[in-house]
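Residues per chain are reported as follows:
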Amino acid sequence: MTASPLLEIHGLTRHYRVRTGLFGPRHEVVAVEGVDFSIERGEIVGIIGASGSGKSTIGRLLTGLDEPDGGEILFDGARIDGLSDRARRPLRRRLQLVLQDASSALNPRRRVGPQIATPMLRLGVAGSREEARERTAQLLGLVGLSPDAAERYPHEFSGGQRQRINIARSLGVEAECLILDEPTSALDVSVQAQILALLLELRQQLGLTYLFISHNLAVVQSFCDRILVLDEGRVVENVAARLIGRRAMAPATLRLLEADLSMSPVPGVTS
Ligand SMILES: Nc1ncnc2c1ncn2[C@@H]1O[C@H](COP(=O)(O)OP(=O)(O)O)[C@@H](O)[C@H]1O
Ligand SMILES: [Mg+2]
């Protein structure tokens with residue numbers, strides 16, 4: 001048994017140099033600044049914040065799609081920032097990013113089955129094509145799709161079904177931790193609730209850990225164990241989900257709470 005958290009972030013910082021217009025002056029955008037948090041195994045941590053507060057940047061930094069300017073990222077006790085592609089390979093399997101737009105993650109011209117099976121073969125989770133095919137059928141069942149989905153193309157599915165395919169693909173490589181960046185934001189409310197229920201079930205069955213990025217406080221509140229509120233790249237709140245709104249909150253949290261009051265609750269995921 002290890003005592004360290006699955007994911008540990010210290011002082012994570014990412015600034016972007018951007019130019020206003022083609023010849024305009026350069027200035028620095030603070031996307032993420034001095035972010036600290038950790039996630040225990042099996043925990044669901046939500047990151048919430050207004051648009052532009054740095055949520056997606058954190059997701060990209062954690063999965064190596066972008067490198068931080070400062071700070072440390074530890075996964076299962078080992079540094080994972082600044083790794084070469086080769087050194088990151090075994091990690092790509094364990095830590096997976098699931099994005100909002102499932103269709104952009106899927107190749108429209110390939111059947112679903114091979115898209116789930118190929119990463120398994122490439123990352124060495126399946127030893128043969130036959131094994132990969134079998135696992136694919138099992139995974140499709142696990143995410144609530146029929147095995148013949150493997151023979152079909154992404155456009156033959158609804159948005160919610162495509163997100164299920166996407167999740168199956170992450171699970172195919174035996175991911176331990178999913179970074180979910182607004183995974184349900186493009187879906188309508190009832191489909192959103194079904195995907196959240198599926199994610200909860202999968203966590204239970206497979207012992208997964210989630211970092212769940214959202215701009216919707218009601219969703220995060222019902223789905224997550226703990227919530228981080230991000231404001232202009234900084235963590236301004238780190239609190240148990242059930243305590244949100246029940247004690248003094250940062251101004252950014254209060255703004256999210258207010259925005260929420262004008263929105264309808266999500267059916268099926270009441271806390
Ligand atoms: N590749 C990039 N180049 C320049 N600025 C960026 C880049 N990615 C993000 N930003 C800026 O960093 C800030 C945080 O963006 P992001 O992480 O996408 O926020 P969120 O996901 O919370 O909406 C924003 O001001 C955004 O414009
Ligand atoms: Mg984003």
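Residues numbered from 1 in each chain as written. Chains lettered and ligands numbered in written order. Predicted model: local features only at pLDDT ≥ 70, side-chain atom pairs only at ≥ 80, totals over all residues.

S.K.: Help me out: how do you make sense of the overall build of the chain in this one?
M.R.: Assigned secondary structure in the chain consists of nine helices and 10 strands. Whereas a compact globule of 271 residues would reach a radius of gyration of roughly 18 Å, the chain reaches 19 Å, a difference of no more than 12%. By principal-axis analysis of the C-alpha atoms, the chain measures approximately 55 × 50 × 45 Å. A sequence separation of at least 24 residues applies to 69% of the contacts in the chain between residues at least 6 apart. (Helix = DSSP H or I, 4+ residues; strand = E, 2+ residues; numbered from the N terminus. Rg over C-alpha atoms; globule rule 2.2 N^0.38 Å. Contact = placed C-beta atoms within 7 Å.)

S.K.: What is the right way to look at the packing of helix H4 (residues 112-122) against helix H5 (residues 129-142) in this model?
M.R.: When two helices pack together, their arrangement is captured by the angle between the axes and the distance separating the axes. Remark: H4 packs on H5, axes separated minimally by 9 Å, with the N-to-C direction vectors making an angle of 125°. In terms of orientation, H4 lies oblique with respect to H5. For the pair H4 and H5, the crossing hand works out as right-handed. Residues Gly113, Ile116, Ala117, Met120 and Leu121 of H4 lie in contact with H5, whose contacting residues are Ala132, Arg133, Arg135, Thr136 and Leu139. In terms of residue class, the contact of H4 with H5 is made up of six nonpolar, two polar and two charged. (Axes fitted to C-alpha atoms, helices over the stretch in contact; angles between N-to-C directions. Parallel < 35°, antiparallel > 145°, perpendicular 65-115°, else oblique. Left-handed = near helix turned anticlockwise from the far one by under 90°. Nonpolar A, V, L, I, M, F, W, Y, C, P; charged D, E, K, R; others polar.)

S.K.: Would you mind showing me how to read the nonpolar core here?
M.R.: Among the nonpolar cores identified, the biggest contains 67 residues, and Leu211 and Phe212 are the most heavily contacted of them. Other than its neighbours up to four places away in sequence, phenylalanine 212 contacts Ile44, Gly46, Leu180, Val220, Phe223 and Cys224. (Core = buried A, V, L, I, M, F, W, Y, C linked by C-beta atoms within 7 Å. Buried ≥ 20, exposed ≤ 12 C-beta atoms within 10 Å, placed from the backbone.)

S.K.: Explain the site of ligand 1 to me, please; I cannot follow it from the model alone.
M.R.: Inspection of the region around ligand 1 gives Tyr16, Val18, Val29, Ala31, Gly49, Ser51, Gly52, Ser53, Gly54, Lys55, Ser56 and Thr57 as its neighbouring residues. Of all the secondary structure elements, the ones that give two or more residues to the shell around ligand 1 are strand S1 (7-19), strand S2 (26-39) and helix H1 (55-62). The element that contributes the greatest number of residues to the shell around ligand 1 is H1, accounting for three residues. Split by residue class, the shell around ligand 1 holds four nonpolar, seven polar and one charged. (Near = placed C-beta within 6 Å.)

S.K.: Got a minute to help me understand helix H6 (residues 159-172) in this structure?
M.R.: Each α-helix winds once per 3.6 residues, and so residues spaced three or four apart point in a common direction. End to end, H6 covers 20 Å across 14 residues, agreeing with the expected 20 Å (1.5 Å per residue, within 8%). Most of H6 sits out of view: 12 of its 14 residues are buried. Three or more residues of H6 are buried, namely Gln161, Arg162, Gln163, Arg164, Ile165, Asn166, Ile167, Ala168, Arg169, Ser170, Leu171 and Gly172. Contacts made by the buried residues of H6 are with strand S6 (95-98), helix H3 (102-105), H4, H5, strand S7 (177-181) and helix H7 (189-206). Looking one or two residues past H6, glutamate 174 carries a phi angle of roughly 60°, positive in sign. (Expected span 1.5 Å × (residues − 1).)

S.K.: I'm lost on the environment of glutamate 156 in this one. Help?
M.R.: Considering the arrangement of structural elements, one finds glutamate 156 in the loop between H5 and H6. In sequence terms glutamate 156 and proline 108 are 48 residues apart; their C-alpha atoms lie 9.8 Å from each other.

S.K.: Would you mind going over the sheet that holds strand S4 (residues 70-75) with me for this structure?
M.R.: The pairing of strands in a sheet comes from backbone hydrogen bonds and takes either a parallel or an antiparallel form. Read across the open sheet, the four strands follow the order S2-S1-S4-S5; overall the sheet is antiparallel. Two strands lie at the open edges of the sheet, namely S2 and strand S5 (78-79), each paired on one side alone. Where S4 lies against S5, two bridges are found, and the strand directions are antiparallel. Bridge pairing in S5 links leucine 74 to arginine 79. Its contacts with the sheet place H1 against S1, S2 and S4, and it is angled at close to 65° to S2. (Pairing = 2+ DSSP bridges.)

Honestly, that's just the spatial picture; any functional story needs more than this.
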